[in-house]
Amino acid sequence: MIHFEALATMDDVELVAVCDTDPGRLAAAEAAHGVPGFADHLTMIAEAAPDVVHICTPHDQHASVAVDCLDAGVNAIVEKPLAHTLDEGRRLVEAAERSSAKIGVCYQNRYNATAQEMHRLLTSGTLGPVLGASATVVWHRTGDYYRDRPWRGTWAGGGGGLLMNQAIHTVDLLQWLVGDVTSVVGHASTRALGDVIEVEDTAEFVADHEGGVRSVFYATLAHVTNAPVTLDVLTQKATLSLRGDLTVTHEDGTVEVVPERAVASAGRAYWGVSHELLIKDFYAQLDVPEPFWLNPAEAEKSLRIVKDIYGQSYPERVAEVI
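Residues numbered from 1 in each chain as written. Predicted model: local features only at pLDDT ≥ 70, side-chain atom pairs only at ≥ 80, totals over all residues. Heavy atoms only, no water.

Q: Can you walk me through the pattern of salt bridges in this structure?
A: Going through the model one piece at a time under the given rule, you end up with 16 salt bridges. When the shortest N-O distance is used, the salt bridge between D208 and R214 registers 2.9 Å. By relative accessible area, which is 22% here, D208 ends up partly exposed. With relative accessibility at 49%, the residue R214 sits in the partly exposed group. Via salt bridges that share partners, R110, D172, D180, E298 and K301 belong to a single interconnected network. (Salt bridge = Lys/Arg side-chain N within 4 Å of Asp/Glu carboxyl O. Buried < 20%, exposed > 50% of the residue type's maximum accessible area, 1.4 Å probe, protein only.)

What follows is the structure, encoded as structure tokens:
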């Protein structure tokens, strides 16, 4: 829905086809948008000749569809995560490096006004060096959420649970704002949804970043509601606290508040408000020779953090979870 909404706001973009392997969903999309529908993405690429393909499939199909697009010279936007396994993620990174086509990965929360301002302040040096950081994702999911899309609760289809499907946005923000992660120690487990899923619904980790900075992270789907994501960064001269809006408290006691944009989409607010901005930026850069900044190599960073935690948490199932 969010991708359709974004495209509808762009006067110079035309939707030429839709693709879905589910006959009912495909028929509904054809009827809603008045364009041809395809059950196979390769047939769609050959017959509809799109300039850009938006990949919003289950996780285990992200890399394979994206690689096919890139190898055919077709630009692509793929939803997070990059892939459901490290091998598939690496395959997509390599496809992007050899292709003339452009690809972007939807970590749209980097386009949020608050995240952009945090990044600007932290990279400007005006607040002094970063001393440490913390983040939380305390949300709620029911068994019906997984029964509605059974792939979500499996290693084979989702590549993981909470960390891959919900909290990876915050994992991405943490490493983008604080710096590349050099090592991580953590644990993932199933605390509330074990009768429905085989993957984790709760996780925590401690990460060391380049430059010696440390961050701590906690996430769960066992809460009674979707609480605001929190992300705090302590610097030598200020504390940056993200809870919807961004509050910057300086060492002299002055406080600045940076409001987040209002949610325009009918989609769920905690997805972030900036899908449209990311998609528009991607289209605006199609003729730029450099890779899109949110490319597979960049998206691989958060995937590696998550998979490292899975390897520590499920050593008996490494072949499945990594």
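Q: Would you mind going over the packing of helix α10 (residues 168–178) against helix α12 (residues 296–313) with me for this structure?
A: How two helices sit against one another is set out by the angle between their axes and by the gap between those axes. Interaxial distance between α10 and α12 falls to 9 Å at its minimum, and their mutual angle equals 110°. Classified by the interaxial angle, the pair formed by α10 and α12 is roughly perpendicular. In this structure, α10 crosses over α12, and the sense of that crossing is right-handed. Two secondary-structure elements touch here, α10 through I168, V171, D172, Q175 and W176 and α12 through E298, K301, S302, I305 and V306. Class assignment of the residues belonging to the contact of α10 with α12 gives a composition of five nonpolar, two polar and three charged. (Axes fitted to C-alpha atoms, helices over the stretch in contact; angles between N-to-C directions. Helix = DSSP H or I, 4+ residues; strand = E, 2+ residues; numbered from the N terminus. Parallel < 35°, antiparallel > 145°, perpendicular 65-115°, else oblique. Left-handed = near helix turned anticlockwise from the far one by under 90°. Contact = heavy atoms within 4.5 Å. Nonpolar A, V, L, I, M, F, W, Y, C, P; charged D, E, K, R; others polar.)

Q: Is there a simple way to think about the pairing of strand β9 (residues 214–220) in this case?
A: The side chains of a regular strand alternate between both faces of the sheet. As paired strands, strand β6 (residues 130–138) and β9 are joined by seven bridges and run parallel to one another. In the strand pairing of β9, V137 is matched with A219. Between strand β8 (residues 202–209) and β9, which pair antiparallel one after the other, the connecting turn spans four residues, and G211 there sits at a positive phi close to 90°. (Pairing = 2+ DSSP bridges.)

Q: How should I be thinking about the environment of P36 in this particular structure?
A: Here P36 is to be found in the loop between α2 (23–33) and β2 (37–38). Residues P36 and L26, ten residues apart in the sequence, show an inter-C-alpha distance of 9.6 Å. Once residues within four sequence positions are removed from consideration, P36 is found in contact with V16, A17, V18 and E30.

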